[in-house]
Amino acid sequence: MCVSPSHFAQHLAVIRERANPIRLSELVRGLEEDRIPPRAVVVTFDDGYADNLYRAKPLLEQTAVPATVFVITGRIGGELWWDELARIVATASAPNLSIELPGTGFRWGSGGSAGSDPRTELLQALQRALQSLGDDARADALAQIRDSLADGTPGRVTHRCLDADELSALAGGDLIEVGAHSHTHPDLASLTGEDQRREVERSKAALEQLVDRPVQGFSYPHGSFNDASRRIVRECGFASACGSTPDLSRRRSDLFALPRLFVSDIDGATFAKWLGWWLGD
Ligand SMILES: [Zn+2]
């Protein structure tokens, strides 16, 4: 899910040279008025990691490429559960990595299959177990994992979310728009309408207070949404919402289900090839 700063700098140079980088709000206006600028590209980041300020923003400024960062308002300054879990399992001092999570049916012995790395296996099993839990149950399970396995290694600065001051610094200037990415990063489509509305409303209110300006963009956690999500996001006053369906935005694209293309840690030449395919060169 990560792109190195040097590759990201190369991607931005390619975008600057061969495409027309615009803001998400400009794309939304273009779609509303049925005139998207030619070769338009919008850059977005999900989850609001601190390195969006320290590593990405300086590179965006150097190339004057605008971007939108979608923030999880319930995790300001904190670690996301999957990062904390990965850190705990990677640094666990327990000689035999065994753990039980009462109430979830999860039980893991120190065995594992021959030839594979027991930490990787345990991490993957715990990721699957925690992914399926609601936010409260997941917090309980994480607390148990912390008690059983954590060795006191602190969270990594590259793997934590922007705190309130960092978020203000990121949103400062007029190059970076900040959008909401829910309050706790749930799978929205699996929630009731009422719970979805709570997540969406709360993230908008909290973020507007943090950055002291209206927040227009939303991005669905895990790319998960249904018809109710689209309606709720619109009713809560957002102008658009991004999903994770890999496609281009076109005339008449649904403003509340904007597709996005995933970019992995590839070099500039490969990225230039991808961009050429996307732009139909
Ligand atoms: Zn996310």
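Structure: above.
Cut-offs used in this document
Residues numbered from 1 in each chain as written. Predicted model: local features only at pLDDT ≥ 70, side-chain atom pairs only at ≥ 80, totals over all residues. Heavy atoms only, no water. Donors = N, O, S within 2.8 Å, 3.2 Å for Na, K, Ca; no water. Helix = DSSP H or I, 4+ residues; strand = E, 2+ residues; numbered from the N terminus. Buried < 20%, exposed > 50% of the residue type's maximum accessible area, 1.4 Å probe, protein only. Core = buried A, V, L, I, M, F, W, Y, C linked by side-chain atoms within 4.5 Å. Contact = heavy atoms within 4.5 Å. 1 Å grid on protein atoms, 1.4 Å probe; cavity = no way out; pocket = protein on both sides within 12 Å on 5 of 7 lines; lining within 4 Å. Points joined across faces, edges and corners; volume = space filled by probe spheres on them. Domains from an automatic or database assignment. Phe/Tyr/Trp six-rings, centres within 6.5 Å; stacked < 30°, edge-to-face > 60°. Lys NZ or Arg CZ within 6 Å of the ring centre and 35° of its normal. Axes fitted to C-alpha atoms, helices over the stretch in contact; angles between N-to-C directions. Parallel < 35°, antiparallel > 145°, perpendicular 65-115°, else oblique. Left-handed = near helix turned anticlockwise from the far one by under 90°. Nonpolar A, V, L, I, M, F, W, Y, C, P; charged D, E, K, R; others polar.

Enquirer: Lay out the coordination of the zinc ion with the relevant residues and their values.
Expert: The coordination sphere of the zinc ion, as far as protein atoms go, consists of Asp47 (OD), His181 (NE2) and His185 (NE2), spread over 2.1 to 2.2 Å. Each donor residue of the zinc ion lies on one chain, and together they are spaced D-x133-H-x3-H. Here aspartate 47, found in strand β3 (residues 43–47), pairs with histidine 185, found in the loop between β7 (176–180) and α8 (193–211); they are 138 residues apart in sequence, far enough to count as distant. When sorted by exposure, aspartate 47 lands in the same class as histidine 185, which is buried.

Enquirer: Tell me about the nonpolar core, residues and numbers included.
Expert: Judged by nonpolar contacts, the single largest core of 51 residues is most densely connected at Phe45, Leu60, Leu207, Phe218, Val233 and Phe238. Every residue in contact with valine 233, bar those within four places of it in the chain, is listed here: Val200, Phe218, Tyr220, Phe238, Ser240, Ala241 and Phe256. Trp81, Ile88, Leu101 and Leu126 belong to the second largest nonpolar core, which has 20 residues in total.

Enquirer: Requested: an account of the layout of surface pockets, with residues and values cited.
Expert: Estimates place the volume of the second largest pocket at around 390 Å³. Taken together, 19 residues make up the lining of the second largest pocket; nearest its centre are Asp135, Thr184, Pro186, Leu191 and Glu199. For the lining of the second largest pocket, the leading source of residues is α8, giving four residues. When residues of the lining of the second largest pocket are assigned to domains, at least three fall in each of domain 1 (5–77 + 161–279) and domain 2 (81–149).

Enquirer: Help me get a handle on the packing of aromatic side chains, residues and values and all.
Expert: Aromatic ring pairs are reported here in terms of the distance separating the ring centres and the angle at which the planes meet. Under the counting rule described, the total for this entry stands at eight aromatic pairs. Relative to tryptophan 108, the ring of phenylalanine 106 lies with its centre 6.4 Å away and its plane at 10°, an arrangement referred to as stacked. Judged by relative accessible area, which is 21%, tryptophan 108 ranks as partly exposed. Through successive ring pairs, a cluster of aromatic residues spans Phe218, Tyr220, Phe225 and Phe238. Sitting over the ring of phenylalanine 238, lysine 204 keeps its end group 5.5 Å from the ring centre. Looking at arginine 234, its charged tip hangs above the ring of phenylalanine 256, at a distance of 6.0 Å from the centre.

Enquirer: Give me the lowdown on the packing of helix α1 (residues 5–18) against helix α3 (residues 51–63), citing residues and values where you can.
Expert: Geometry of a packed helix pair, given as the angle between the helix axes and the separation of the axes. Running from N to C, α1 and α3 cross one another at 25°; their axes reach a closest spacing of 10 Å. Of the possible angle classes, the one that applies to α1 and α3 is roughly parallel. For the pair α1 and α3, the sense of crossing is right-handed. Residue-level contacts link Pro5, Phe8, Ala9, Leu12 and Arg16 of α1 to Arg55, Ala56, Leu59, Leu60 and Thr63 of α3. For the contact of α1 with α3, a count of residues per class yields seven nonpolar, one polar and two charged.

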